[in-house]
Amino acid sequence: MLELAILGLLQEAPMHGYELRKELTAKLGAIRAAISYGSLYPTLRRLQAAGWITEAAETPATAEEVPALTSRRGRVVYKITAEGKERFAQLIAQAGPETYDDTGFGVHFAFFARTDQATRLRILEGRRRKIEERREGLRDVLGRAAERLDAYTLELQRHGLEACEREVRWLEELIANERSGRAPTVPDTGTAGGRREDTSPPPPGESRKERP
């Protein structure tokens, strides 16, 4: 899934590794994109060896852009190749079981604007089945083992069940929109303090009220 995310970002603009990591965090969220240099750079080297990305001219690094304890050497800028664009098109068209898991779904959903409607619908329906199975498993645990669980474990199971129920409702809304040809909308409404209200859908397993 890191391969898909990198190729997708490099279609927008050439980037160096540190910038890629920041963009991954911004696009996918801090938890889902907790990508270390240990995983990012080997993937970049693999993509380069496959001919899907190439190095552009190096640019000088500034103090603000260099992480602590690293050198200020020139940054290698990566750009996608024509073959890389073809590879991205292949990856973005996939809708198998790997796209229903938490990480796979998150990455694919981040690039839904570049995904065809039929594929989006298959992924959303597969994700809904996945979460419904998870929800039923939690219900089964609560029904059979509630009396044996301590209060905190029981509360954790209930929290997981509520998160599944929220996500199923969210997915059903997205599926209905896809079937009717509507895209998710973000109203330009704000709160009383002048701060714009966050109306984007919550990531899988997270409720909107839990978000800052």
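For the structure, see preceding data.
Keep in mind the model is a prediction, meaning the values are calculated, not measured.

## With respect to the pairing of strand S3 (residues 77-80)
Piece 1. Note: strand S1 (residues 15-16) against S3, two bridges, orientation antiparallel. Within the sheet, the bridge partner assigned to histidine 16 lies in S3 and is valine 77.
Piece 2. Judged from the three bridges that link them, strand S2 (residues 53-55) and S3 form a sheet pairing that is antiparallel. Along S3, the bridge assignment pairs threonine 54 with lysine 79.

## Examining helix H1 (residues 2-12)
Piece 1. Counting buried residues along H1, nine of its 11 residues qualify, which places the element largely inside the surrounding structure.
Piece 2. Among the residues making up H1, those that are buried are Leu2, Glu3, Leu4, Ala5, Ile6, Leu7, Gly8, Leu9 and Leu10.

## Comments concerning the environment of histidine 108
Piece 1. Inspection of the secondary structure puts histidine 108 in helix H5 (residues 102-110).
Piece 2. Look at histidine 108 and you get buried, because its relative accessible area is 1%.
Piece 3. Note: C-alpha distance between histidine 108 and alanine 5 (103 residues apart in sequence) is 8.3 Å.
Piece 4. If sequence neighbours within four positions are ignored, histidine 108 has contacts with Met1, Leu4, Leu91, Ile92, Gln94, Thr99 and Ile123.

## With respect to the sheet that holds S2
Piece 1. Strand order in the open sheet formed by three strands is S1-S3-S2, and the pairing between neighbours is antiparallel. The open sheet has two free edges, formed respectively by S1 and S2, since each of these has just one partner strand.
Piece 2. Lying on the sheet, H1 is in contact with S1, S2 and S3; it crosses S3 at an angle near 90°.

## Some words on helix H6 (residues 117-145)
Piece 1. The end-to-end C-alpha separation of H6 is 42 Å, in line with the 42 Å expected for 29 residues at 1.5 Å each.
Piece 2. Taking the backbone nitrogen of alanine 118 as reference, a side-chain oxygen 3.2 Å away marks aspartate 116 as the first, capping residue of H6.

## Side note on the packing of aromatic side chains
Piece 1. One pass over the structure, following the stated rule, counts five aromatic pairs.
Piece 2. On the numbers, 5.5 Å between centres and 35° between planes, the contact of phenylalanine 105 with phenylalanine 109 is tilted. Linking phenylalanine 105 with phenylalanine 109, this pair stays in helix H5, spanning four residues, or about one helical turn.
Piece 3. Put simply, the rings of Phe105, Phe109, Phe112 and Trp170 touch in pairs and so form one group of aromatic residues.
Piece 4. Over the ring of phenylalanine 111 we find lysine 27, and its NZ or CZ is 5.0 Å from the ring centre.

Rules behind the numbers
- Residues numbered from 1 in each chain as written.
- Predicted model: local features only at pLDDT ≥ 70, side-chain atom pairs only at ≥ 80, totals over all residues.
- Heavy atoms only, no water.
- Pairing = 2+ DSSP bridges.
- Helix = DSSP H or I, 4+ residues; strand = E, 2+ residues; numbered from the N terminus.
- Buried < 20%, exposed > 50% of the residue type's maximum accessible area, 1.4 Å probe, protein only.
- Contact = heavy atoms within 4.5 Å.
- Axes fitted to C-alpha atoms, helices over the stretch in contact; angles between N-to-C directions.
- Expected span 1.5 Å × (residues − 1).
- Polar contact = N/O pair within 3.5 Å; in protein donor to acceptor, adjacent residues only side chain to side chain.
- Phe/Tyr/Trp six-rings, centres within 6.5 Å; stacked < 30°, edge-to-face > 60°.
- Lys NZ or Arg CZ within 6 Å of the ring centre and 35° of its normal.

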